[in-house]
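# Fold and geometry: a report
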Amino acid sequence: MRYLTAGESHGKQLTTIVEGVPSLMPLTSANVNESLLRRQKGHGRGKRMQIEKDLVDIAGGVRHGYTLGSPIALVVKNDDFKHWEDIMGEDPIDMDGDIRRTVTRPRPGHADLNGAIKYGHRDMRNILERSSARETAARVAAGAVAKTLLNHLGINIVGYVREIAGIKAEDQKELSFEDKQRISEESPVRCLDDTNGKKMMDAIDQAKADGDSIGGVCEVYVEGLPAGIGSYVHYDRKLDARIAFAVQSINAFKGVEFGIGFEAARRNGSEVHDEIGWSEAEGYYRKTNRLGGFEGGMTTGMPIVVKGVMKPIPTLYKPLQSVDIETKEAFQASIERSDSCAVPAAAVVMEHVVAFEIAKAVLEQFPNDQFPKLKEVFDQYREEVRCF
Ligand code: EPS
C-alpha cells in the first residue's frame with residue numbers, strides 16, 4: 001500500500017491517491033471525515049480552521065460502501081480557494097506583484113529559502129503553498145483508510161498530547177484505550193491530564209498574545225497487534241524505523257522516541273529491557289513495556305508507544321530577522337496567517353501516519369487482495385502467536 005498527495009494550501013483542493021487497499025473492505029466517507037474534523041480542532045488553531053470544513057469526496061476506488069481493490073482517490077476541497085483564485089489559479093496571468101502576493105522575505109525555520117534555491121523560484125509563495133502543514137489534511141485522509149483497515153482487524157490507535165511548551169502531562173498508563181480516546185477527544189489540547197491540560201491552554205493563550213508560537217510532544221498508542229509484525233532481516237523492513245521516518249516527515253517534527261526513548265541511554269540494560277512472561281490465556285507477554293512495543297524492528301505484542309516532538313510553527317506574527325532575496329537587505333520575515341500552537345492537531349496527524357505504516361506492514365505480511373481473506377489469515381496468525 002502506498003499513497004501520494006498533491007495540492008497547495010490555497011489551491012483548489014488536496015488530492016490523495018491510496019493504492020494497494022484490499023477489495024471488499026467496508027469504507028465510507030464518514031470514516032475519513034471523522035479523522036479530518038478531528039485534525040481541525042485544538043486550542044491554538046488559527047483563523048484558517050474557521051474557514052475550512054474539511055470533508056472528503058471519495059472520487060474512486062469505493063462502491064456502495066466497499067473498496068474495489070482499485071486505487072482510492074480522496075479529494076478535500078479548500079474553501080479558502082475562493083479568496084485566492086487570482087493568486088493561485090493555474091492559468092497564466094500578468095506578472096503583477098500585487099495580484100501574485102509575491103513572497104521575497106523567507107521565514108526562518110520554514111522551507112521558503114532552501115526550497116526557492118532548490119527549485120529556482122524568485123517568488124517563495126511557490127514554496128510555502130506546498131510546504132504548508134495544510135498538506136497534513138491529505139495525509140490524514142490516507143491514514144483514515146489505513147486506520148479503518150486496522151480497526152476492522154481489531155487494532156486500535158489513538159494520538160494525544162504529552163507536552164506543550166515544557167508543561168508535561170502525567171503519564172496516564174493505567175487508562176484503558178477507550179478512556180484515552182474519550183478523554184483526549186474531550187480535551188481542547190488533546191491532553192489526558194486535565195490539570196496540566198489547562199496549564200497548556202494558558203501557555204497557548206500567552207503565546208498568541210505575544211505573537212509567538214509554541215511546540216510540544218505528541219504520543220501515539222496502538223494496541224491489538226500480535227508479535228512479529230515488521231521484520232529484523234533487512235533495514236527497510238523494520239517497522240519501528242518506518243514509523244520513525246513517517247513521524248519525522250510530518251511538518252515541524254524534529255524527533256521520534258519509542259517507549260522510554262532517549263532515557264535508555266542513561267540506564268543499565270537491566271533497567272531497559274522488558275522481561276518475558278507467559279500465561280495460558282495470553283501466551284508470551286512482557287512484564288514492562290519500556291521499549292514501546294518493538295524488539296528487532298518487530299512488534300512484541302505489547303502496545304506500541306511512540307512520541308514525536310514538534311517544534312513551534314515557524315510562521316510568526318512577531319517575525320524574525322531575514323533577508324529580502326531581491327534586494328539582499330535585512331528585513332523582518334513575511335507574515336503569513338498562523339496557529340500559535342498546532343500540537344493537538346499534530347497528535348491526530350501523527351496517529352494517522354503511524355496507522356498508515358502499520359497497515360502497510362500488515363498488508364505486506366498477509367494476503368492482501370481481498371479483505372475478508374486477510375482478516376481470516378490475520379486472525380489465524382493471532383491465534384498461532386498466542387499458542388506458540
Ligand atoms: C493549516 C493551514 C494553514 C495554516 C497552518 C496549517 O492555512 P493558512 O496558511 O491559510 O493559515 O493555518 O499551517 C502553517 C501555519 C504552516 O506554517 O504550515 C492546516 O490546514 O492545518
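Keep in mind that this is a model prediction, so the values were computed, not measured. (Residues numbered from 1 in each chain as written. Predicted model: local features only at pLDDT ≥ 70, side-chain atom pairs only at ≥ 80, totals over all residues. Heavy atoms only, no water.)

This brings us to the packing of helix α7 (residues 136–152) against helix α11 (residues 343–365). Packed helices, taken two at a time, are described by the angle between their axes plus the distance between the axes. Taken N-terminus to C-terminus, the directions of α7 and α11 make an angle of 50 degrees; their axes are 7 Å apart at the nearest point. When the interaxial angle is binned, α7 and α11 end up oblique. Crossing angle aside, the handedness with which α7 passes α11 is left-handed. Counting all contacts with α7, which are made through Thr136, Arg139, Val140, Ala142, Gly143, Ala144, Ala146, Lys147, Leu149 and Leu150, the residues of α11 involved are Val348, Val349, Glu351, His352, Val353, Ala355, Phe356, Ile358, Ala359 and Leu363. (Axes fitted to C-alpha atoms, helices over the stretch in contact; angles between N-to-C directions. Helix = DSSP H or I, 4+ residues; strand = E, 2+ residues; numbered from the N terminus. Parallel < 35°, antiparallel > 145°, perpendicular 65-115°, else oblique. Left-handed = near helix turned anticlockwise from the far one by under 90°. Contact = heavy atoms within 4.5 Å.)

Moving on to the side chain of Glu357. You can see Glu357 is positioned in helix α11. The side chain of Glu357 sits in the buried core without any salt bridge; Lys360 is the nearest counter-charge, 4.3 Å away. If we skip the residues at most four places from it in the chain, Glu357 touches Leu239, Arg242, Ile243 and Ala246. (Buried < 20%, exposed > 50% of the residue type's maximum accessible area, 1.4 Å probe, protein only. Lys, Arg positive; Asp, Glu negative; His and termini not counted. Salt bridge = Lys/Arg side-chain N within 4 Å of Asp/Glu carboxyl O.)

Attention now goes to empty space enclosed by the protein. The rolling of a water-molecule-sized probe over the atoms marks out the regions of remaining empty space. Applying the stated criterion across every chain yields a total of 1 cavity of 30 Å³ or more. There is about 40 Å³ of room inside the largest cavity. Lining the largest cavity are Arg107, Pro108, Pro314, Thr315, Leu316, Pro319, Leu320, Ala333 and Ser334. Residue composition of the lining of the largest cavity, by class: 6 nonpolar, 2 polar and 1 charged. (1 Å grid on protein atoms, 1.4 Å probe; cavity = no way out; pocket = protein on both sides within 12 Å on 5 of 7 lines; lining within 4 Å. Points joined across faces, edges and corners; volume = space filled by probe spheres on them. Nonpolar A, V, L, I, M, F, W, Y, C, P; charged D, E, K, R; others polar.)

On the UniProt side, "binding site: FMN" (unreviewed entry) is annotated at positions that read Arg130, Ser131, Ser132, Asn251, Ala252, Gly296, Lys311, Pro312, Ile313, Pro314, Thr315 and Arg337 here. Maximum C-alpha separation among the annotated residues is 43.6 Å over a sequence range of 208 residues, too wide for a single clustered spot. Of the annotated positions mentioned, Pro314 and Thr315 line the largest cavity. Following the sequence through the fold, Arg130 ends up in helix α6 (residues 125–131). Using a relative accessible area of 31% as the deciding quantity, one classes Arg130 as partly exposed. Setting aside residues up to four positions removed in sequence, Arg130 forms contacts with Thr5, Ala6, Gly7, Glu8 and Glu135. Turning to its location among the elements, Gly296 is positioned in the loop between β13 (294–295) and β14 (298–299). Setting aside its immediate chain neighbours within four residues, Gly296 contacts Ser231 and Tyr232. (UniProt positions renumbered as here; feature names shortened; annotations may be inferred.)

Before going further, it helps to spend a moment on the environment of Asp205. Within the secondary structure, Asp205 sits in helix α9 (residues 194–209). Its relative accessible area of 38% is what places Asp205 among the partly exposed residues. With 173 residues separating them along the chain, Asp205 and Val32 place their C-alpha atoms 30 Å apart.

Turning to the sheet that holds strand β1 (residues 2–6), a few remarks are in order. Sheet architecture is open: 4 strands sit in the order β1-β2-β6-β3, paired in antiparallel fashion. Two strands bound the open sheet, and with one partner strand each, they are β1 and β3 (56–60). In this sheet, neighbouring strand axes are inclined to one another by 20 degrees on average, regardless of whether the strands run parallel or antiparallel. Bridge count between β1 and strand β2 (residues 13–19): 5 bridges; the pairing is antiparallel. Each residue of the ladder has a partner; that of Leu4, found in β2, is Ile17. (Pairing = 2+ DSSP bridges.)

Between two aromatic rings, the relevant description is the distance of the centres plus the angle of the planes. Within the structure shown, the criterion is met by 5 aromatic pairs. Ring geometry for Phe366 versus Tyr381: centroids 5.3 Å apart, planes at 65 degrees, classification edge-to-face. Here Tyr381 lies in helix α12 (residues 371–387) and Phe366 lies in the loop between α11 and α12, a separation of 15 residues in the sequence. An aromatic cluster is built from Phe366, Phe378 and Tyr381, whose rings are joined through pairwise contacts. One Lys or Arg, Arg105, reaches over the ring of Phe331 and ends 3.5 Å from the middle of that ring. Geometry around Tyr221 places Lys180 over its ring, the cationic atom sitting 4.1 Å from the centre. (Phe/Tyr/Trp six-rings, centres within 6.5 Å; stacked < 30°, edge-to-face > 60°. Lys NZ or Arg CZ within 6 Å of the ring centre and 35° of its normal.)

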